[in-house]
Amino acid sequence: MATSFGARLHAATQARGPLCAGIDPHASLLLEWGLDDSVAGLERFALTAVEGLAPAVSVVKPQSAFYERFGSRGVAVLERVIAESRAAGALVLLDVKRGDIGSTSQAYADAYLDPASPLAADAITVSPYLGFGSLDPFVETARRFDAGLFVLALTSNKEGPEVQHAVPAEGGTVAGLMLSHLAALNAGESPLGSFGAVVGATIGRVEESFAINGPLLAPGYGAQGGTVADLRRIFGSAYPHVLPSSSRELLRAGPEVAALRAAAERVNDELRG
């Protein structure tokens, strides 16, 4: 019997800790490692990061744009990152933030969630701000293939509040409405639903409920300023379902594989403590 993404994620975090390791090959990070900003540099950087991080964390999160900027050869590296991260026992959350309507949404869902695709991941990030119903093809495809989604809810970028904090006719906030949709999708799932939210680790005061019975991806932990205290303040009783995501803090520990792994283990210890 197939196992849902939520169940696989719950088991992975219990075994390996909650840390989600971002593998984002910024040009500046390649240079810090002494590599050229080229496909060869990208490949060396990304696969070294996988070797160091994927055996030590529950989730690896490559940001697709940093591979796409090199064209088809960069996407081929991304395919290897996905495959080799999974081979090392990590779940792969592909950060693509797609959001469209109708057949285009379905095509994106097929590209990233159908196991027949070379880019298929365990879960992807999506944007609901064309209306939550625009995500229906992603939801249906995720259910068909036991994959997951992480839906943008409360992001930490300064432009976010004009949309996310807007007040709909029924009250609350638009972000709160997105969270309520996720709670409905996850209703009755055990031990954890497969439809998560993206909530920045550096956002200020919150009034929304994170009791969605699903995972909560919290980018911005570490180098971007988010702390364990911030996570506990923001998420409260939902903290056990939080996946803090760190990229630059971990990657700057490289290029030595042992140093990358030690950095991941240290951050996991911080989060467990």
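Quick caveat: nothing in here was measured; it's all calculated off a predicted structure. Every chain is numbered on its own, with residues counted from 1 as its sequence reads. Only residues with pLDDT of at least 70 get local features here, since the model is predicted, and only at 80 or more are side-chain atom pairs given and counted; chain-wide, interface and lining totals rely on the full set of residues. Processing note: side-chain calculations cover all non-hydrogen atoms of the structure and skip hydrogens and water entirely.

So what about the layout of surface pockets? Which residues, and what values?
When its volume is computed, the largest pocket comes out at roughly 550 Å³. Around the largest pocket, the lining comprises 25 residues; the ones closest to its centre are Lys61, Asp95, Lys97, Pro219 and Gln224. Note on conventions: DSSP H or I runs of at least 4 residues are helices, E runs of at least 2 residues are strands, and numbering of each starts at the N terminus. Listed by contribution, the elements that provide at least two residues to the lining of the largest pocket are strand E3 (91-98), strand E7 (216-219), strand E8 (242-246) and helix H11 (248-251). Of the residues assigned to the lining of the largest pocket, the class counts are seven nonpolar, 12 polar and six charged. Using a 1 Å grid laid over the protein atoms alone, points where a 1.4 Å probe fits but cannot get out form a cavity; open sets with protein on both sides within 12 Å along at least 5 of 7 lines form a pocket; any residue with an atom within 4 Å of a point counts as lining. As for the second largest pocket, its lining consists of 16 residues, of which Thr13, Gln14, Pro18, Pro240 and Val242 are closest to the centre. Looking at the lining of the second largest pocket element by element, the count peaks at four residues for helix H1 (residues 5-16). A class-by-class count of the residues in the lining of the second largest pocket yields 10 nonpolar, five polar and one charged. Grid points are joined across faces, edges and corners, and a volume is the space filled by probe spheres set on the points. Here the term charged refers only to Asp, Glu, Lys and Arg, the term nonpolar to Ala, Val, Leu, Ile, Met, Phe, Trp, Tyr, Cys and Pro, and the term polar to all other amino acids, Gly among them.

So what's going on with the pattern of salt bridges? Which residues, and what values?
Each salt bridge in this description consists of a side-chain nitrogen of Lys or Arg and a carboxyl oxygen of Asp or Glu lying within 4 Å of one another. Applying the stated criterion to the full structure yields 14 salt bridges. Among the salt bridges present, the one from Glu84 reaches Arg80, with a minimum N-O distance of 3.0 Å. In this pair, Glu84 and Arg80 are both assigned in helix H5 (residues 72-87), four residues apart and thus about one turn of the helix distant. Working definition: with a 1.4 Å probe on protein chains only, accessible area under 20% of the residue-type maximum means buried, over 50% means exposed, and in between means partly exposed. Residue classification places Glu84 among the partly exposed positions, given a relative accessible area of 32%. According to the relative accessible area criterion, Arg80 is partly exposed, its value standing at 36%. For Arg266, the salt bridge goes to Glu249, with nearest N and O atoms at 3.4 Å.

How would you explain the nonpolar core if you had to name every residue and give the values?
Counting 76 residues, the largest nonpolar core has Leu53, Ile124, Leu149, Val199, Phe210, Leu231 and Phe235 as the members making the most contacts within it. Of all the elements, helix H3 (residues 39-53) adds the most residues to this core, at eight residues. Here a residue-residue contact requires only that any non-hydrogen atoms of the pair lie within 4.5 Å. Apart from residues lying up to four places away in sequence, Leu231 is in contact with Ala201, Ala218, Tyr221, Gly236, Tyr239, Val242, Pro244 and Leu271. The nonpolar core is taken to be a set of buried Ala, Val, Leu, Ile, Met, Phe, Trp, Tyr and Cys residues, with the residues joined through side-chain atoms within 4.5 Å. Residues Val59, Leu93, Phe150 and Leu217 belong to the second largest nonpolar core, which totals 14 residues.

Pulling in residues and values, what's your account of the sheet that holds strand E4 (residues 123-126)?
Strand pairing requires that DSSP identify at least two bridges connecting the strands. Pairing is parallel in the closed barrel, where eight strands are placed in the order E1-E2-E3-E4-E5-E6-E7-E8. Each neighbouring strand pair of the sheet contributes to a mean axis angle of 30 degrees, computed without reference to strand direction. As paired strands, strand E5 (residues 148-154) and strand E6 (residues 195-199) are joined by five bridges and run parallel to one another. Following the sheet pairing, Leu149 is matched in E6 by Phe195. The sheet contacts of H1 involve strand E2 (59-62), E3, E4, E5 and E8, and relative to E3 the element is tilted by about 125 degrees. Where helices are involved, their axes are fitted lines through C-alpha atoms of the stretch in contact, as for all axes, and angles between N-to-C directions lie from 0 to 180°.

Account for the packing of helix H6 (residues 102-113) against helix H7 (residues 136-144), with residues named and values stated.
Where H6 meets H7, the closest approach of the two axes is 8 Å, and the angle between their N-to-C directions is 30 degrees. Two packed elements cross with a definite hand, and for H6 against H7 that hand is right-handed. In this structure, H6 uses Gly102, Ser105, Gln106, Tyr108, Ala109, Asp110 and Leu113 to contact H7, whose residues at the interface are Pro137, Phe138, Thr141 and Ala142. Residue composition of the contact of H6 with H7, by class: six nonpolar, four polar and one charged. In this scheme the crossing of two helices becomes right-handed for a clockwise turn of the near helix relative to the far one and left-handed for an anticlockwise turn of less than a right angle.

Kindly report on H5, identifying the contributing residues and their values.
The end-to-end C-alpha distance of H5 is 23 Å, a good match for the 22 Å that 16 residues give at a rise of 1.5 Å each. Buried within H5 we find Gly74, Val77, Leu78, Val81, Ile82 and Ser85. Burial along H5 is one-sided: seen end-on, the buried residues are contained in an arc of 145 degrees. Residues Ser72, Arg73 and Ala87 are exposed on H5 and point more than 90 degrees away from its buried face. For H5, the secondary structure elements touched by its buried residues are H3, E2, helix H4 (65-68) and E3. Looking at the residues trailing H5, positive phi occurs at Gly89, about 95 degrees. Expected helix span is taken as 1.5 Å per residue step, with the number of steps being one fewer than the number of residues. This arc is taken over the directions from the axis of the helix to the C-beta atoms.

Help me get a handle on the packing of H3 against H5, residues and values and all.
Running from N to C, H3 and H5 point in directions that differ by 10 degrees, and their axes come no closer than 10 Å. In terms of orientation, H3 lies roughly parallel with respect to H5. Residues Val39, Leu42, Glu43, Ala46, Leu47 and Val50 of H3 touch H5, and the partners they reach there are Arg73, Gly74, Val77, Arg80, Val81, Glu84 and Ser85. Considering only residue class, the contact of H3 with H5 consists of seven nonpolar, two polar and four charged. Any angle from 65 to 115 degrees is called roughly perpendicular, while one under 35 is roughly parallel, one over 145 is roughly antiparallel, and all others are oblique.

If you had to explain the environment of Ala264 to someone new, which residues and values would you point to?
Looking at the secondary structure, you find Ala264 in helix H12 (residues 257-272). The exposure class of Ala264 is buried, given its relative accessible area of 0%. Sequence separation between Ala264 and Ala183 is 81 residues, and the spatial gap between their C-alpha atoms is 30 Å. Ala264 has contacts with Leu19, Leu53, Ala56, Val57 and Leu250, leaving out every residue within four places of it along the chain.

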